[in-house]
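# Survey of secondary and tertiary structure
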Amino acid sequence: MKLSILIPCYNEEENLPVLIQRICETFGEDFECVFVNDGSGDNTQNILKELAVSQDFNCKVISFTRNFGKDAAMYAGLGECEGEYISLLDADLQQNPKIIVQMIALLEENPGLDMVAAVQTVRQESFLMCQCKNIFYGMMNALSDLEFRRGAGDFRTFRSSVKDAVLSMKECQRFSKGLFCWGGFRVCYLPYEAEKRKKGKSKWSFFRLLDYGVEGITSFSTRPLRIAALFGLLFLLAATVSLTVSPLVFLILMSGGIQLLCMGILGEYIAGIFTQTKNRPAFLIREVYRHQPKNEKIL
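Described below are features of the structure shown in this document. (Residues numbered from 1 in each chain as written. Predicted model: local features only at pLDDT ≥ 70, side-chain atom pairs only at ≥ 80, totals over all residues. Heavy atoms only, no water.)

### Remarks on the side chain of Lys163
As a reminder of what qualifies: Secondary structure counts use DSSP, requiring at least four H or I residues in a row for a helix and at least two E residues in a row for a strand, with both numbered from the N terminus. The cut-offs for exposure are 20% and 50% of the maximum accessible area for each residue type, with area from a 1.4 Å probe on protein chains only; residues under the lower value are buried, those over the upper are exposed, and the others partly exposed. Pairing of N or O atoms within 3.5 Å defines a polar contact, subject to two protein rules: one partner must be a possible hydrogen donor and the other a possible acceptor, and residues neighboring in sequence count only if both atoms are side-chain atoms. Residue contacts are defined here by distance: any two heavy atoms, one from each residue, within 4.5 Å place the two residues in contact.
You can see Lys163 is positioned in helix 6 (residues 160-167). Overall, Lys163 belongs to the buried group, its relative accessible area being 11%. Engagement of the side chain of Lys163 in a polar contact is seen with the backbone oxygen of Cys81, the distance being 3.0 Å. Excluding residues that lie within four positions of it along the chain, Lys163 makes contacts with Leu78, Cys81, Ile86 and Phe158.

### Re the sheet that holds strand 7 (residues 187-193)
For clarity, the cut-off: Each pair of strands is called paired provided DSSP finds at least two bridges between the two strands. The axes are straight lines fitted to the C-alpha atoms, using for helices just the contacting stretch, and the angles between their N-to-C directions are given from 0 to 180°.
One open sheet holds the 8 strands; their spatial order is 7-5-6-4-1-2-3-8, and the pairing between them is mixed. Two strands bound the open sheet, and with one partner strand each, they are strand 7 and strand 8 (285-290). Recorded for the sheet is a direction-independent mean angle of 20° between the axes of neighbouring strands.

### Digging into the nonpolar core
The line we're drawing: Nonpolar core, defined: a set of buried Ala, Val, Leu, Ile, Met, Phe, Trp, Tyr and Cys residues in which side-chain atoms within 4.5 Å join the residues together.
With 36 residues, the main nonpolar core has Ile5, Ile7, Leu16, Ile23, Cys33 and Phe35 as its most contacted residues. Among the secondary structure elements, those contributing two or more residues to this core are strand 1 (3-9), helix 1 (16-26), strand 2 (31-37), helix 2 (44-55), strand 3 (59-64), helix 4 (98-109), strand 5 (115-122) and strand 7. Counting residues per element, this core draws most heavily on helix 4, at 5 residues. Those residues in contact with Cys33 that lie beyond four places of it in its chain are Ile5, Ile7, Ile23, Phe57, Asn58, Cys59 and Lys60. Core analysis: the next-biggest nonpolar cluster, separate from the first, contains 25 residues, Leu6, Val34, Tyr75 and Phe180 among them.

### Focus: the pattern of salt bridges
As a reminder of what qualifies: Note on definitions: salt bridges are taken to be side-chain nitrogens of Lys or Arg within 4 Å of carboxyl oxygens of Asp or Glu.
For the coordinates displayed, the defined rule picks out 12 salt bridges. A salt bridge links Asp164 to Lys163; the shortest N-O distance between them is 3.9 Å. Salt bridges sharing common partners tie together Glu32, Lys60, Glu80, Glu82 and Arg290.

The structure is reproduced here in structure tokens:
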């Protein structure tokens, strides 16, 4: 099989019929779709099954017991992908499947490439959200030894060898952008303009993105720990100097603030270790549905 399209879904019942129609119009017969229903509270699971039967195309539907997050959904779906190339695609219709055709063409023309990642040239988000994401990428590049390309999300196509490498990374807190960067894969960045969301609403609130950003920083950088140590050293020097002036109130406030900051940074890392040592799986599957084409004979 040439292509596997992996599509995480969370409450996307309104967008799925149009998405599947677009995919069927774009690709021939030599492809499969792997949908991961990430604990949707709507009718996503049944719609996927109905569309698979009505459109009669090769697909698998993995249904989680609850919402485990997009990274866990991608991890589960990769294990079911059988194609020579694997594409990650959102279900919100903001990413046109025709761009995947361009990605595959680049991979076939350049055997040395491992992956093609799409980079948003224009974001269909508020100014505040765009600025927050720019700050996040700036912090990641400053604090980590890895280089994170601004605007490069999960929309990408890669070879099956990349899939095998990512699946071999067994950590529970899966920050996929970091895993792709850490692997040292040869990547080509393809500019694209995301479409506006037509139905439904984004599942990424500000606080959910904040949690995701903190997880990414603590998963791929130990420099915040060094920053905490530096704060402690600077505070000791400041305390020594302040003995001649005695700004007692300022000293107490600064002391408490820096201690809490350092404890918070340590707490994030300890929480990550705690989560990993429990050895819980990244997800739990309730059901796996594999569509059987109508013209396939059962022996």
